[in-house]
Amino acid sequence: MSSLRAYIITRFLMVIPTVLILLTLVFLILRIIPGDPITSMVGQKVPEEVLEKMRHEAGLDKPYHIQYLEYLAGVFTGNLGRSMIWGKRPVIAEIMDHFPATLELTIFGFVLSVLIGIITGSIAAFRRGSKTDTGMRIYSIIAYTLFIPWFGMLLQMLFGVYLELLPIGGRITPGYSPETITGLYVLDSILTLNLTSLVDALAHLALPSITLGIVLSGAYTRLVRNNLIDVLSQDFIRAYRARGVRERKVIFHAMKNAFIPVITLMGLQFAILLAGAVLTESTFSWPGMGTFLIERIEYRDYTAVQGAIVFYAMFVALISLVVDVIYALLDPRIRY
Amino acid sequence: MMLLEVKNLTTIFKTKRGVVRAVDNVSLSLDKGDFLSVVGESGCGKSTLAYSIIKLIDSPGEIASGKIYFDGKELTSLSEEKMRKVRGKEIGMVFQDPMTSLDPLEKIGDQIAETLMEHTDVTKKEAWQIAREMLEKVGLPPDRVDSYPHQLSGGQRQRVVIAMAVSLNPKLLIADEPTTALDVIVQEKIMDLLNEMRKEGRAIMLITHDFALAAERSDRIAVMYAGWIVEMGEAERLTKDPLHPYTRGLIDSVPDVWVDREIKPLPGFPPDLVKPPEGCRFRPRCPVATERCMKEPPGVEVDGRYVKCWLYEVE
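Calculation notes
Residues numbered from 1 in each chain as written. Chains lettered and ligands numbered in written order. Predicted model: local features only at pLDDT ≥ 70, side-chain atom pairs only at ≥ 80, totals over all residues. Helix = DSSP H or I, 4+ residues; strand = E, 2+ residues; numbered from the N terminus. Rg over C-alpha atoms; globule rule 2.2 N^0.38 Å. Buried ≥ 20, exposed ≤ 12 C-beta atoms within 10 Å, placed from the backbone. Contact = placed C-beta atoms within 7 Å. Nonpolar A, V, L, I, M, F, W, Y, C, P; charged D, E, K, R; others polar. Pairing = 2+ DSSP bridges. Axes fitted to C-alpha atoms, helices over the stretch in contact; angles between N-to-C directions. Parallel < 35°, antiparallel > 145°, perpendicular 65-115°, else oblique. Left-handed = near helix turned anticlockwise from the far one by under 90°. Core = buried A, V, L, I, M, F, W, Y, C linked by C-beta atoms within 7 Å. Domains from an automatic or database assignment. pLDDT = per-residue confidence, 0-100.

Quick look at the overall build of chain B
Along the backbone of chain B there are nine helices and 12 strands. Here the C-alpha atoms of chain B give a radius of gyration of 20 Å, agreeing with the 20 Å that 2.2 N^0.38 yields for 315 residues. C-alpha extents for chain B along the principal axes are approximately 65 × 50 × 40 Å. By the burial criterion, 47% of the 315 residues in chain B qualify as buried. Long-range pairs, those at least 24 residues apart, make up 63% of the contacts in chain B between residues at least 6 apart in sequence.

In structure tokens form, the structure reads like this:
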């Protein structure tokens, strides 16, 4: 077990250089991009004195190394600067307004995609070569190639317009929001025992998370199927059977082995999901990070964009840390 | 009554090209404390024979006919659940490649304990204790229960596999090429270990392509060719004075470092079992084949040995 602890500590320490490199890259890229952020925000016609004043307020007139140090110090104290438009709120506050929406959608979409992928993939693997298998493989390709806005609109038409079962956009019906604790409506509704809010939040979540879930499940279906077929043909599975181990337990061991590459994909997908939710968010008018980021890019809200990217980067670094730790817990060969 | 009696066993594989009779009308028997080697080239059906005995033939394979009597039970008609209880508990199995026959994700102790708990009413703690004793028995430090397979060498892993196979004290141990993936020094040790297991009263059935190993270690040898047992008898006599032309060819093709003699390789290849040659299956490669060999040869008893060849049938 000590090798596991050593692995986790090493892996944890590796986050520090990763995050530093990420932060530096974000800083450099935003400054390498041609054009002055202030002029691109307010336009060319504003008098130079006003521009100077705005630059000074944003701290952009300082030398780069000072800006860099201030930026690093800010990030580590949780201060991502202030937005440059609309009341100049702290960027972290803006992010906290939008991030829970994205996180909630991402979690639901993610769980759905993994569930669908594992179920369809396992069915295909256990009935290898049958019509069901062919069906599942066709499903995986179709799901993988679906275009989110198109598929989302299809679902909106079907369930929202024709059947009138589910809302087609937004996170919650105005006035139904639960008391904010975590910002995740479903969780908050449960914590405050607010059934009306819970039902409403879930109804709003249904279509966007089904859209995300189905589109992302294709890759899992394929991966689970191929891995499971591979593992089921391994000697040690036959060895379990030859020792008279119950079939149910043999399947459990096979699934556990087949699951390891799936976890890698889960880690990668979660990061892609956060970014990929942009399309889903705009299709379903979801007030999340994607919507926020697009809006601020259009207004050249320099600090907000920088802050959002930094936030994303840190979050992805955290997710990959968690994935690697789960990986090590499952697979003894990873620990060194 | 013998411990194991296989009677007219036929195992087929229904492939797209046709039906493959991988094991064709095979009979053999094995008593407690016996050490039988089944020898043959790749694809001769020796492994299929082993897996047929524990009824672990993967689709599209199936036992088409014949009976397997084991310790008072007839296995071919046994339900899957009853058969499961025979596997591991009454018949232990050792596999060819110890690198792949252990689950990479489970501790050695867990893998041994799971088998024990599947068949007996021991607690997890007791099962782990037995696992430690078993490792000691096969010459490994008992604290290896805490290791994962990737932390062991090939020889150590094979010891673990053997420990696992004998942990429930089965009456029969089937070893499918247990030393093929190991170097010769380790091979000797593993074979010694199998021999110890035999001395405890178990019957051993060794599946191998290594004639020299079979001759050195076993009491009896069964030579398989294209799904048939072509010769079977006491190991020393079979080796010194082979009856079947195939056995003779097999012995002549084994290099011997102690004796300076020419190696005579067997010409040709084993037949395609979807369309085996008419009559004797060895006929196309046989140096002494005659007209008679166009018909399936009879199994005759010569000198206390079984041989399936026309040569020993007086016209």
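What to know about the interface of chain B and chain A
Contacts between chain B and chain A engage 23 residues on the former and 18 residues on the latter. Among the secondary structure elements, those contributing two or more residues to the side of chain B that touches chain A are α2 (80-86) and α3 (108-119) of chain B. Looking at the side of chain B that touches chain A element by element, the count peaks at four residues for α3 of chain B. Counted by class, the side of chain B that touches chain A contains nine nonpolar, six polar and eight charged residues.

Some details on the sheet that holds strand β4 (residues 61-70) of chain B
Residue and element names in this part refer to chain B. Taken in spatial order, the four strands line up as β2-β1-β4-β5 in an open sheet, and their pairing is antiparallel. Two strands in the sheet have a free side with no partner beyond their single neighbour: β2 (18-30) and β5 (73-74). Bridge count for strand β1 (residues 4-15) against β4 is eight bridges, and the pairing is antiparallel. Bridged to Thr11 within β4 is Ile63. Relative to β2, helix α1 (residues 46-53) is tilted by about 70°, and along the sheet it contacts β1, β2 and β4.

Notes on the packing of helix α6 (residues 131-145) of chain A against helix α9 (residues 195-232) of chain A
Residues and elements named next belong to chain A. Between α6 and α9, the least distance of the axes is 7 Å, while the angle of their chain directions is 140°. When the interaxial angle is binned, α6 and α9 end up oblique. Along this stretch, α6 crosses α9, giving a crossing that reads as left-handed. Packed against α6, whose contacting residues are Met136, Tyr139, Ser140, Ile141, Ala143 and Tyr144, the element α9 presents Ile214, Val215, Ser217, Gly218, Ala219, Thr221, Arg222 and Arg225 at the interface. Split by residue class, the contact of α6 with α9 holds eight nonpolar, four polar and two charged.

Some words on the pairing of β1 of chain B
Residue and element names in this part refer to chain B. The sheet contact formed by β1 and β2 spans nine bridges and is antiparallel. When the sheet's bridge partners are listed, Ile12 is paired in β2 with Arg21. Hairpin geometry of β1 and β2 is characterised by an intervening segment of two residues between the two adjacent antiparallel strands.

Thoughts on the nonpolar core
Core analysis: the biggest nonpolar cluster contains 147 residues, and Met205 and Val223 of chain B have the highest contact counts within it. The dominant element in this core, judged by the number of residues it contributes, is α9 of chain A, at 14 residues. Look past the residues within four positions of Met205 of chain B in its chain and what remains in contact with it is Leu30, Leu36, Val38, Ala50, Leu172 and Ile174 of chain B.

Remarks on the packing of helix α5 (residues 154-166) of chain B against helix α6 (residues 184-199) of chain B
Residues and elements named next belong to chain B. Contact geometry of α5 with α6 gives a least axis separation of 10 Å together with a crossing angle of 10°. Relative to α6, the element α5 is oriented roughly parallel. Of the two possible hands of crossing, α5 and α6 adopt the one that is right-handed. Two secondary-structure elements touch here, α5 through Gly154, Gly155, Gln158, Arg159, Ile162 and Val166 and α6 through Val186, Lys189, Ile190, Leu193 and Met197.

Side note on the domain arrangement of chain A
When its domains are assigned, chain A resolves into domain 1 (2-88) and domain 2 (101-298). A separation of 34 Å is found between the C-alpha centroids of domain 1 of chain A and domain 2 of chain A.

Describing the confidence of the model for chain A
Reading fine detail from the predicted coordinates is not recommended where pLDDT is low. When pLDDT is averaged along chain A, the result is 84; 97% of the residues meet or exceed 70. Across chain A, helix α10 (residues 235-242) of chain A holds the top mean pLDDT of 92, while helix α2 (residues 37-42) of chain A sits lowest at 71.

Comments concerning the sheet that holds strand β10 (residues 228-234) of chain B
Residue and element names in this part refer to chain B. The sheet built from eight strands is open, its strands ordered β6-β7-β8-β3-β9-β10-β12-β11 with mixed pairing. What marks the edges here is a single partner per strand, and that holds for β6 (91-94) and β11 (299-302). Each neighbouring strand pair of the sheet contributes to a mean axis angle of 20°, computed without reference to strand direction. Where β6 and strand β7 (residues 172-176) come together, four bridges link them in parallel fashion. Each residue of the ladder has a partner; that of Gly92, found in β7, is Leu173. Against the sheet, helix α9 (residues 245-252) engages β9 (220-225) and β10, with an angle of about 100° to β9.

Let's talk about the environment of Ile92 of chain A
All names here are of chain A. As for its position among the elements, Ile92 is in helix α5 (residues 91-126). Considered as a pair, Ile92 and Arg128 are 36 residues apart in the sequence and their alpha carbons are 50 Å apart. With sequence-adjacent residues up to four places away left out, Ile92 is seen in contact with Gly78, Asn79, Leu80 and Gly307.

Topic: the confidence of the model for chain B
Residues and elements named next belong to chain B. In the predicted model, chain B carries a mean pLDDT of 88, and 99% of its residues have values of at least 70. Mean pLDDT across the elements of chain B bottoms out in α6 (85) and peaks in strand β3 (residues 35-39) (94). The complex model carries a pTM of 0.79, and its ipTM stands at 0.88.

Description of the environment of Ser320 of chain A
Residue and element names in this part refer to chain A. Take Ser320: it is sitting in helix α13 (residues 302-330). For Ser320, a count of 19 C-beta atoms within 10 Å gives the class partly exposed. For the pair Ser320 and Val15, spaced 305 residues apart in the sequence, the C-alpha separation amounts to 9.3 Å.

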